[in-house]
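# Breakdown of the fold
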Amino acid sequence: CLPDYHLAAGEVLSSAAAALRAAYPRYRFEPFVDNSPLPEVRAAALSGLGCIGDNGLLIHPVYGSWVFIAAIVTDMVLPLPPAGPPLGCLHCGACAAACPAGCIGREAAGRRGCRRGCLSAVSQKKGSLTPKEEALLRSSPLVWGCDRCQEVCPLNRGTQIQPHPCFTGYQGRLTAGELGDLTGKAYGWRGRGVLERNLKLQGGPD
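Below you will find a few notes about this structure. Everything numeric here is computed off the predicted structure, so don't read it as measured data. (Residues numbered from 1 in each chain as written. Predicted model: local features only at pLDDT ≥ 70, side-chain atom pairs only at ≥ 80, totals over all residues. Heavy atoms only, no water.)

### Examining the overall build of the chain
Selection rule: Under the DSSP-based scheme used, a helix requires at least four consecutive residues in state H or I and a strand at least two consecutive residues in state E, with every element numbered from the N terminus. Residue exposure (1.4 Å probe, protein chains only): buried if accessible area is under 20% of the type maximum, exposed if over 50%, otherwise partly exposed. Note on areas: these come from Shrake-Rupley sampling with a 1.4 Å probe, and a residue is covered only by the protein chains present in the view.
Secondary structure summary: the chain contains 8 helices and 4 strands in total. Shown N-terminal to C-terminal, the secondary structure of the chain runs as helices and strands in the order α-β-α-β-β-β-α-α-α-α-α-α. Split into buried and exposed, the 206 residues of the chain put 30% on the buried side. For the chain, the accessible area works out to roughly 13000 Å², and carbon and sulfur atoms hold 56% of it.

This is the structure:
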């Protein structure tokens, strides 16, 4: 099943950071995968890697939003990269219309905590759920996460999708039988209890 991308990307970044330290011993190079002290999406956009969509995700001109963001933070002064091709969110409303929880758009932007109420966040929430959150999970075919805003985004059409070799053989379906060993699984960080609850809400086996 799907390996933890934190580990897959972390190995690559750790190796790169070690090579940079060897080449430039006067400076520090610290890798971060999904736990950077910087706001990663905004930092990536400011670095010229793409734009930020209405769904809050980075949209790369080649790969769309189908990317993982990681960083190497350094105290070495580096020149800014040349500006890439112009790219901007179309603000077409497709992601807002498709969002199961209604967390995208002008009305949602005015509600505090709307990000916490999205289907992906609810599927990862520990503890008890509200009736509204339970209904949201029951309405979804997914046990973990949500990609609806990415699936309908026009800027994701025709993008290059090149999975890391570690994802070879991923079946895309989680069953109760796979909950016995969550070691190294990207969806295992919240623990077995959250996944079991989600499976039960969708009518899965106890």
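Read on, since the account is not over.
### Notes on helix α8 (residues 192-201)
Quick note on the threshold: We call two residues in contact when some of their heavy atoms are within 4.5 Å.
Those residues of α8 lying buried are Val194, Leu195, Arg197, Asn198, Leu199 and Leu201. Contacts from the buried residues of α8 go to α5 (119-123) and α6 (131-138). After α8 finishes, the residue Gly203 shows a positive phi value of roughly 85 degrees.

### Quick word on the side chain of Ser65
Here is the rule: Polar contacts here mean pairs of N or O atoms no more than 3.5 Å apart (in protein, one a potential hydrogen donor and the other a potential acceptor; neighbouring residues in sequence count only if both atoms are side-chain atoms).
Among the structural elements, Ser65 can be located in the loop between β3 (58-59) and β4 (70-74). Overall, the relative accessible area of 7% leaves Ser65 in the buried class. Among the polar contacts made by the side chain of Ser65, one reaches the side chain of Gln150 at a distance of 2.8 Å. Contacts of Ser65, omitting those with residues within four sequence positions, involve Leu57, Leu58, Ile59, His60, Gln150 and Asn156.

### Points about the packing of aromatic side chains
For clarity, the threshold we go by: Only Phe, Tyr and Trp rings take part, Trp by its six-membered ring, and two of them pair if their centres are within 6.5 Å. Stacked means planes under 30 degrees apart, edge-to-face means over 60, and tilted covers everything else.
Following the criterion strictly, the structure yields 1 aromatic pair and no others. Geometrically, the ring pair formed by Tyr24 and Phe29 is tilted, given 6.4 Å between the ring centres and 45 degrees between the ring planes. For Tyr24, a relative accessible area of 38% gives the class partly exposed. Residue Phe29 is classed as buried on the basis of its relative accessible area of 3%.

### Regarding the packing of α6 against α8
Going by this rule: Structural elements are reduced to axes, namely lines fitted to C-alpha atoms, with helices fitted over the stretch in contact, and the angle between N-to-C directions of any two is expressed from 0 to 180 degrees. Every angle not falling under 35 degrees, over 145, or within 65 to 115 is termed oblique; those three ranges are roughly parallel, roughly antiparallel and roughly perpendicular. Under the grouping applied here, Gly and all other residues not named as nonpolar or charged are polar, the nonpolar ones being Ala, Val, Leu, Ile, Met, Phe, Trp, Tyr, Cys and Pro and the charged ones Asp, Glu, Lys and Arg.
Taken N-terminus to C-terminus, the directions of α6 and α8 make an angle of 75 degrees; their axes are 8 Å apart at the nearest point. Between α6 and α8, the angle falls in the class roughly perpendicular. Residues Glu134, Leu137 and Arg138 of α6 lie in contact with α8, whose contacting residues are Arg197, Asn198 and Leu201. Among the residues making up the contact of α6 with α8, the classes are represented as 2 nonpolar, 1 polar and 3 charged.

### Observations regarding empty space enclosed by the protein
As a reminder of what qualifies: The definitions used throughout rest on a 1 Å grid laid over the protein atoms alone, on which a cavity is an enclosed set of points accommodating a 1.4 Å probe that cannot get out and a pocket is an open set flanked by protein within 12 Å on both sides along at least five of seven lines; lining residues are those having an atom within 4 Å of a point. Grid points are joined across faces, edges and corners, and a volume is the space filled by probe spheres set on the points.
Per the counting criterion, the structure on display carries 1 cavity of 30 Å³ or more. Reported here for the largest cavity is a volume of approximately 120 Å³. Lining the largest cavity we find 15 residues, and of these Cys89, Cys92, Cys95, Cys153 and Pro154 sit closest to its centre. Across the lining of the largest cavity, the residue classes tally to 10 nonpolar, 4 polar and 1 charged.

### Considerations on the side chain of Ser123
Looking at where Ser123 falls in the secondary structure, it is placed in helix α5. Here the side chain of Ser123 touches Ser120 through a polar contact of 2.8 Å, landing on its backbone oxygen. Not counting chain neighbours up to four residues away, the residues in contact with Ser123 comprise Leu137, Val143, Trp144, Gly145, Val194, Arg197 and Asn198.

### Examining the state of the cysteines
What makes a disulfide is a covalent bond joining the sulfur atoms belonging to two cysteines. Here is the rule: When the sulfur atoms of two cysteines come within 2.5 Å, that pair is taken as a disulfide.
Per the stated rule, a full pass over the model turns up 0 disulfides. Cys99 forms no disulfide, and the closest cysteine sulfur to it belongs to Cys103, at a distance of 4.7 Å. The class of Cys99 is buried, set by a relative accessible area of 14%. No disulfide involves Cys146; its sulfur sits 6.6 Å from that of Cys149, the nearest cysteine. Relative accessible area serves as the criterion here: at 22%, Cys146 is assigned to the partly exposed category.

### Topic: the environment of Gly10
Position of Gly10 among the secondary structure elements: in helix α1 (residues 5-23). Residues Gly10 and Ala71, spaced 61 residues apart in sequence, show a C-alpha to C-alpha distance of 9.7 Å. Here Gly10 is in contact with Tyr5 and Val33, once residues within four sequence places are set aside.

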